[in-house]
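So the chains spell out like this:
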Amino acid sequence: MELQEINISEAKPLLFEKSTAGETVVVECSYIYNGASHSVDVHVTIQGDRSTGKPFITFHDIGMNHVSNFSSLFNSEHMESIRNRFCVYHIDAPGMQENAPDLSKETGFAYPSIENLSDMVAKVFTKFSIKEAICIGCGLGANVLTRFAMKNPTLVDGLIAVNATRGAVGNLSWLGSKITNWATPLHEQLLNYHFSKEEVERANHELVEAHRKHLQNNMNANNVQLLLKEYERRTEINVFRTVGPTTEEGEKHSIPCSTLLLVGDMSPFVEEVVELNSRLNPRKTTFLKMADAGGMILEEQTFKVAEAITYFLQGLGYIPSVIMSRLARSRTYSGCSTGSQDRDTQNRIRTLSGGSMGKDVAAGDTPLQKPIIEEVAAGDDIIAKTSDKARLVTEGVC
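Residues numbered from 1 in each chain as written. Predicted model: local features only at pLDDT ≥ 70, side-chain atom pairs only at ≥ 80, totals over all residues. Heavy atoms only, no water.

**Brief notes about the overall build of the protein**
Broken down by element type, the protein carries 15 helices and 13 strands. Taken over 398 residues, the protein has a buried fraction of 55%. For the protein, contacts bridging at least 24 residues in sequence account for 75% of all contacts bridging at least 6. Working note: accessible area of the protein is about 18,200 Å², and carbon and sulfur atoms make up 49% of it. (Helix = DSSP H or I, 4+ residues; strand = E, 2+ residues; numbered from the N terminus. Buried < 20%, exposed > 50% of the residue type's maximum accessible area, 1.4 Å probe, protein only. Contact = heavy atoms within 4.5 Å. Areas by Shrake-Rupley, 256 points an atom, 1.4 Å probe, with all protein chains shown as cover.)

Structural data, given as structure tokens:
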């Protein structure tokens, strides 16, 4: 008998596998752009049972839709506990659904601004009689949902922002990108947006190619170009951390709900996410930076993201009985070297508060008291104590 060595890797969902949802509802949204009234259709794809599931809202990034942005995550076996308890409403920006008609051919049409898009999210809530929801957005979607959460604090119970940005596009940055992208095809511009140079050199080329084909074959390029122009024109989100007692004016310039910021260590958006994190309420914000991941963290680290979301929701009081399978295996070893493990965990938690980047958490402090930067390395598991709201720490198998 001849023995052969084989490699067994964790099974990953098919890229861009369509969700099991069968219902897509068209929501007509009116808006005002440059003083003129317009109307456009927004497609909302529903995944789950509306009658029993708690609402979970998604909003995609530029050049993507709910299929290319969220199918890998929400169809993953690691999200089963969430799928069983939540009804997911996938919002596609106007003209971003699969094989959409060309909006640019409509006479007098003006694509909605990023602020208009955030108002359209409120209309989706009204359409489906949603009183409160968990929201997750990537890139552009995170920007839209952040604006929505700040304007509608009672409607958002928790915000999960992936590759989130706060600032506007500077004039010099805009001019430089225009010169650089003058002769670059749109799909290549968007790939440069999603993937850093380092990531392209090291990343899963199958993932890069899958996004290239989806942009070319499934997305209406003219519509994507319209949305891209509006994203380049976006205004700054005026959010900042208040010093001293919270005032009514300070509340207007903060994200009112618990917030989970996610970014990969090779992502082009690391600096923007760090900057946003420094402006948020440290008692309501958790920042998780994952190793071996870039701009497409939902596909590259599906299990880690699902685990982080699960424990974030547990911190909010949802799905309290769920234990991730890999985490359970990790805990069976937790009895060995407990003291050294606690010290190691403490050393791996760093904070970003008042310019104290890289400072270790002092004895007696909890990570919840300060914004958290988690360095999640490959092979680590994320654990959470549900008694501490939205607290995430990392623990390795000893």
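Here the narrative resumes.
**Observations regarding the environment of Arg83**
Within the secondary structure, Arg83 sits in helix α2 (residues 80-85). For the pair Arg83 and Asp49, spaced 34 residues apart in the sequence, the C-alpha separation amounts to 9.2 Å. Filtering out sequence-adjacent residues up to four positions away, Arg83 remains in contact with Gln47, Phe74, Asn75, Ser76 and Glu77. At 2.6 Å, the side chain of Arg83 forms a polar contact with the backbone oxygen of Ser76. (Polar contact = N/O pair within 3.5 Å; in protein donor to acceptor, adjacent residues only side chain to side chain.)

**Quick word on the pattern of salt bridges**
It is possible for side chains of opposite charge to pair when their charged atoms get near one another. Tallied over the entire structure, the rule returns 9 salt bridges. Two residues, Arg233 and Glu230, come together in a salt bridge whose shortest N-O distance is 2.7 Å. Among the salt bridges present, the one from Arg279 reaches Glu275, with a minimum N-O distance of 2.7 Å. Within this pair, Arg279 and its partner Glu275 are both found in helix α11 (residues 270-279), separated by 4 residues, close to a single helical turn. (Salt bridge = Lys/Arg side-chain N within 4 Å of Asp/Glu carboxyl O.)

**Observations concerning the nonpolar core**
One recurring pattern in soluble globular proteins: nonpolar side chains tend to sit buried together. Counting residues in each nonpolar core, the largest one holds 71 residues, and the members touching the most others are Phe125 and Phe128. Examining the composition of this core, we find that 7 residues originate from one element, helix α4 (residues 140-151), more than from any other. If sequence neighbours within four positions are ignored, Phe125 has contacts with Ile57, Ile130, Ala133, Cys135, Phe148 and Leu155. (Core = buried A, V, L, I, M, F, W, Y, C linked by side-chain atoms within 4.5 Å.)

**Quick notes on the pairing of strand β8 (residues 285-290)**
In terms of residue burial, β8 counts as a mostly covered element, since 6 of its 6 residues are buried. The two faces of β8 match: Thr285, Phe287 and Lys289 on one face and Thr286, Leu288 and Met290 on the other face are all buried. Pairing between strand β7 (residues 258-264) and β8: 6 bridges, direction parallel. What sits directly across from Val263, in β8, is Lys289. With α11 bridging β7 and its parallel neighbour β8, the resulting β-α-β unit is right-handed. (Pairing = 2+ DSSP bridges. Right-handed = clockwise from strand over helix to strand, strands pointing away.)

**Quick look at the packing of aromatic side chains**
The description of two aromatic rings rests on the distance between their centres and on the angle between their planes. All told, the structure shown has 8 aromatic pairs when counted by the stated rule. Note on Phe125 and Phe148: the rings are 4.9 Å apart at their centroids and 45 degrees apart in plane angle, and the pair reads as tilted. Placement of Phe125 in helix α3 (residues 114-127) and of Phe148 in helix α4 is noted, with a sequence separation of 23 residues between them. For the pair shown, Phe125 and Phe148 are each scored as buried. Plain terms: the ring middles of Tyr193 and Phe269 are 5.1 Å apart, the flat faces sit at 70 degrees to each other, and that makes the pair edge-to-face. (Phe/Tyr/Trp six-rings, centres within 6.5 Å; stacked < 30°, edge-to-face > 60°.)

**A few points about empty space enclosed by the protein**
For the coordinates displayed, the defined rule picks out 3 cavities of 30 Å³ or more. For the largest cavity, the calculated volume is near 70 Å³. If you go around the largest cavity, you meet 13 residues; those closest to its centre are Asn69, Cys138, Asn163, Gly295 and Met296. Residue composition of the lining of the largest cavity, grouped by class: 7 nonpolar, 4 polar and 2 charged. (1 Å grid on protein atoms, 1.4 Å probe; cavity = no way out; pocket = protein on both sides within 12 Å on 5 of 7 lines; lining within 4 Å. Points joined across faces, edges and corners; volume = space filled by probe spheres on them. Nonpolar A, V, L, I, M, F, W, Y, C, P; charged D, E, K, R; others polar.)

**As for the side chain of Arg166**
Relative to the helices and strands, Arg166 is located in the loop between β6 (156-162) and α5 (171-180). Arg166 gets classed as buried once you look at its relative accessible area, which sits at 8%. Only 3.2 Å separates the side chain of Arg166 from the side chain of Glu275, close enough to count as a polar contact. With residues near it in sequence (within four places) discarded, Arg166 still touches Thr235, Glu236, Ile237, Val239, Glu275, Leu276 and Arg279.

**Remarks on the side chain of Thr45**
You can see Thr45 is positioned in strand β2 (residues 36-47). By relative accessible area, which is 6% here, Thr45 ends up buried. Among the polar contacts made by the side chain of Thr45, one reaches the side chain of Thr24 at a distance of 3.3 Å.

**Some words on helix α1 (residues 66-74)**
For α1, the buried fraction is high: 9 of the 9 residues fall into the buried class. What α1 keeps buried is the set His66, Val67, Ser68, Asn69, Phe70, Ser71, Ser72, Leu73 and Phe74.

**With respect to α11**
Because the α-helix completes a turn every 3.6 residues, residues three or four places apart line up on one side. Those residues of α11 not exposed but buried are Val270, Val273, Val274, Leu276 and Asn277. For α11, the arc enclosing every buried residue in end-on projection is 165 degrees, short of the 170-degree limit, so these residues lie on one face. Residues of α11 that are buried make contact with β7 and β8. (Arc of directions from axis to C-beta.)

**Re the packing of helix α6 (residues 186-194) against helix α8 (residues 205-217)**
Two elements in contact, α6 and α8, have axes separated by 10 Å at closest approach and are oriented at 140 degrees. Taken together, the axes of α6 and α8 are oblique relative to one another. The chirality of how α6 crosses α8 is right-handed. Facing α6, whose interface residues are His187, Glu188, Leu190 and Leu191, α8 presents Val208, His211, Arg212, Leu215 and Gln216. The residue makeup of the contact of α6 with α8, split by class, is 4 nonpolar, 3 polar and 2 charged. (Axes fitted to C-alpha atoms, helices over the stretch in contact; angles between N-to-C directions. Parallel < 35°, antiparallel > 145°, perpendicular 65-115°, else oblique. Left-handed = near helix turned anticlockwise from the far one by under 90°.)

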